[in-house]
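The lines below spell out each chain.
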Amino acid sequence: TGLTGGTGITMSQTITGQNAKATIDGVSMQNATNQITKFFPATTINLHKLATAGVTFTTSIDKDAAAKRMSDFVNAYNAFFDYADKETQPEGSLEDEVIARSSLVGLRNKLATQGPAGGINTISSFGLKTDSSGRLALTDSTFKSVLAKDPAALKDFVSGTGGLVEGFLAVLDELVKPVTGSIVSRVTALGVRQTELSQEIANLEERLKHREESLRL
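Within each chain, residue numbers correspond to sequence positions counted from 1 in written order. Local features in a predicted model are, by the rule used here, given only for residues with pLDDT of at least 70; side-chain atom pairs are given and counted only at 80 or more, and totals for whole chains, interfaces and linings are based on all residues. Only hydrogens and water are set aside; all other atoms, that is, all heavy atoms of the structure, feed into the side-chain values.

Student: Before we go on, may I ask you to explain the overall build of the protein in this structure?
Tutor: If you tally the helices and strands in the protein, you get 6 helices and 8 strands. For the protein, the α and β elements follow one another from N to C terminus as β-β-β-β-β-β-α-α-β-β-α-α-α-α. Scored against the burial criterion, the 217 residues of the protein give a buried share of 22%. Between two residues, a contact is recorded if the distance between any of their heavy atoms is within 4.5 Å. Nonlocal contacts in the protein, meaning residues at least 24 apart in sequence, comprise 41% of its contacts between residues at least 6 apart. For the protein, the computed accessible surface area is about 16100 Å², with 54% contributed by carbon and sulfur atoms. Strands here are runs of E lasting at least two residues and helices are runs of H or I lasting at least four, both read from the DSSP assignment and numbered beginning at the N terminus. Each residue gets one of three labels from its accessible area relative to the maximum for its type: buried under 20%, exposed over 50%, partly exposed in between, using a 1.4 Å probe on protein chains only. Each accessible area is a Shrake-Rupley result for a 1.4 Å probe, and residues are judged covered by the shown protein chains and nothing else.

Following this line, the structure appears as structure tokens:
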């Protein structure tokens with residue numbers, strides 16, 4: 001409570017803000033903001049006003065957003081594939097690098113992974129396919145149709161345990177592990193070879209020096 005100036009006295013009272021409170025399916029919860037984000041996965045509930053009776057709401061999958069994410073994945077894969085495929089060709093910067101080729105093969109093998117019989121068990125089941133060159137392509141309408149029909153099965157195949165994403169991460173993790181990864185091992189081996197070559201060059205120069213001196217005598 002405070003006083004404000006002027007010719008008269010005006011009383012004013014400051015009310016401390018309170019947490020937003022809600023009960024959903026019999027579960028009470030509260031939050032410092034008017035948003036509840038942890039009750040349903042990937043869902044935000046905005047509280048706008050005090051309800052005097054029960055409120056019923058429904059949720060739906062944003063098929064356009066999901067298709068956009070899958071399209072982004074396809075584009076990222078194709079960008080990596082195009083670069084690695086180009087650089088492992090003759091005269092490419094990775095021409096003799098086995099790990100680059102094995103990584104491409106590993107990723108392509110994961111794309112061929114099959115799930116349990118029936119339902120979504122291959123990438124073609126939800127509109128994803130590889131062309132003759134090995135690049136990915138997405139049929140947007142097929143993906144959205146499968147997503148609307150069986151989103152749980154699609155999620156399990158793509159991002160569930162043993163799914164497509166997990167398989168990709170396993171291949172990439174093998175590349176970039178800090179100590180035992182293929183890239184670190186290859187860099188270490190190249191460093192050792194560089195040291196050996198430097199020593200061989202030094203030895204050769206020393207022999208040439210002695211040979212030159214002997215010819216002068």
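Student: Help me out: how do you make sense of the pairing of strand E3 (residues 20-24) in this one?
Tutor: Residues in a regular strand point their side chains to alternate faces of the sheet. Burial along E3 is one-sided: the residues Ala20, Ala22 and Ile24 are buried and none of Lys21 and Thr23 is. For two strands to count as paired, DSSP must find a minimum of two bridges between them. Bridge analysis of E3 against strand E4 (residues 27-31) gives 5 bridges, and the strand direction is antiparallel. For Thr23, the partnering residue across the bridge sits in E4 and is Ser28.

Student: I'm lost on the packing of aromatic side chains in this one. Help?
Tutor: The description of an aromatic ring pair rests on the distance of the ring centres and on the angle between the ring planes. Only Phe, Tyr and Trp rings take part, Trp by its six-membered ring, and two of them pair if their centres are within 6.5 Å. Stacked means planes under 30 degrees apart, edge-to-face means over 60, and tilted covers everything else. Counted according to the given criterion, the structure contains 5 aromatic pairs. Here Phe126 and Phe157 contribute two aromatic rings whose centre-to-centre distance is 5.8 Å and whose plane-to-plane angle is 65 degrees, an arrangement assigned as edge-to-face. Of this pair, Phe126 sits in the loop between helix H2 (98-111) and strand E7 (128-130) while Phe157 sits in helix H4 (residues 151-159), and the two are 31 residues apart along the sequence. Assigned by exposure class, Phe126 and Phe157 land together as buried. These aromatic residues form a ring-pair network of at least three members: Phe73, Tyr77, Phe81 and Phe168.

Student: How should I be thinking about the nonpolar core in this particular structure?
Tutor: In globular proteins that are soluble, nonpolar side chains generally tend to be buried together. Grouped together as the largest cluster of nonpolar side chains are 23 residues, with contacts concentrated most on Ile123 and Phe126. Looking at this core, the elements that each hand over two or more residues are helix H1 (63-87), H2, helix H3 (140-149), H4 and helix H5 (164-176). The greatest single-element share of this core, amounting to 6 residues, is contributed by H1. Only buried residues count toward a nonpolar core. Its members are Ala, Val, Leu, Ile, Met, Phe, Trp, Tyr and Cys residues joined through side-chain atoms within 4.5 Å. Of all hydrophobic cores here, the second largest spans 5 residues; its members include Ala22, Ile24, Ile36 and Ile45.

Student: Please explain the pattern of salt bridges as it appears in this structure.
Tutor: Close approach of charged atoms allows side chains with opposite charge to pair. A carboxyl oxygen of Asp or Glu within 4 Å of a side-chain nitrogen of Lys or Arg is what we treat as a salt bridge. The final tally for this structure, using the stated rule, is 4 salt bridges. The partner of Lys68 in a salt bridge is Asp72, with the nearest N and O atoms 3.0 Å apart. Here Lys68 and its partner Asp72 are both found in helix H1, 4 residues apart, which amounts to about one turn of the helix. A salt bridge links Asp82 to Arg135; the shortest N-O distance between them is 2.9 Å. Of this pair, Asp82 sits in helix H1 while Arg135 sits in the loop between E7 and strand E8 (136-138); the two residues are 53 residues apart in sequence, bridging distant segments of the chain. With a relative accessible area of 35%, Asp82 lands in the partly exposed category. Relative accessible area serves as the criterion here: at 29%, Arg135 is assigned to the partly exposed category.

Student: I'm lost on the side chain of Asn78 in this one. Help?
Tutor: Residue position: Asn78 is located in helix H1. Assessed through its relative accessible area of 5%, Asn78 is described here as buried. Separated by 2.7 Å, the side chain of Asn78 and the backbone nitrogen of Leu136 make a polar contact. If sequence neighbours within four positions are ignored, Asn78 has contacts with Arg135 and Leu136. Think of a polar contact as two N or O atoms within 3.5 Å of one another; within protein, one of them needs to be a possible hydrogen donor and the other a possible acceptor, and neighboring residues in sequence only count if both atoms come from side chains.

Student: Just checking my understanding: could you explain the side chain of Asn121 for this structure?
Tutor: Within the element layout of this structure, Asn121 appears in the loop between H2 and E7. Given a relative accessible area of 19%, Asn121 falls into the buried group.

Student: What is the right way to look at the confidence of the model for the protein in this model?
Tutor: Atom-level detail of predicted coordinates should not be read off regions where pLDDT is low. Note: pLDDT gives the predictor's confidence per residue, expressed from 0 to 100. For the protein, mean pLDDT is 80; residues scoring 70 or higher make up 83% of the total. Looking across the protein, the model is least confident in strand E1 (residues 2-4), with a mean pLDDT of 50, and most confident in E8, with 93.

Student: I keep staring at H3 and nothing clicks. Help me out?
Tutor: Since the α-helix packs 3.6 residues into each turn, any two residues three or four apart lie on the same face. Of all the positions in H3, only Phe143, Val146 and Leu147 are classed as buried. Projected onto a plane normal to the axis of H3, the buried residues spread over an arc of 100 degrees and lie on a single side. In H3, those exposed residues whose orientation departs by more than 90 degrees from the buried face are Ser141, Ala148 and Lys149. Summarising the contacts, the buried residues of H3 are in contact with H1, E8 and H4. Of all possible arcs, the one meant is that of the directions from the helix axis to the C-beta atoms.

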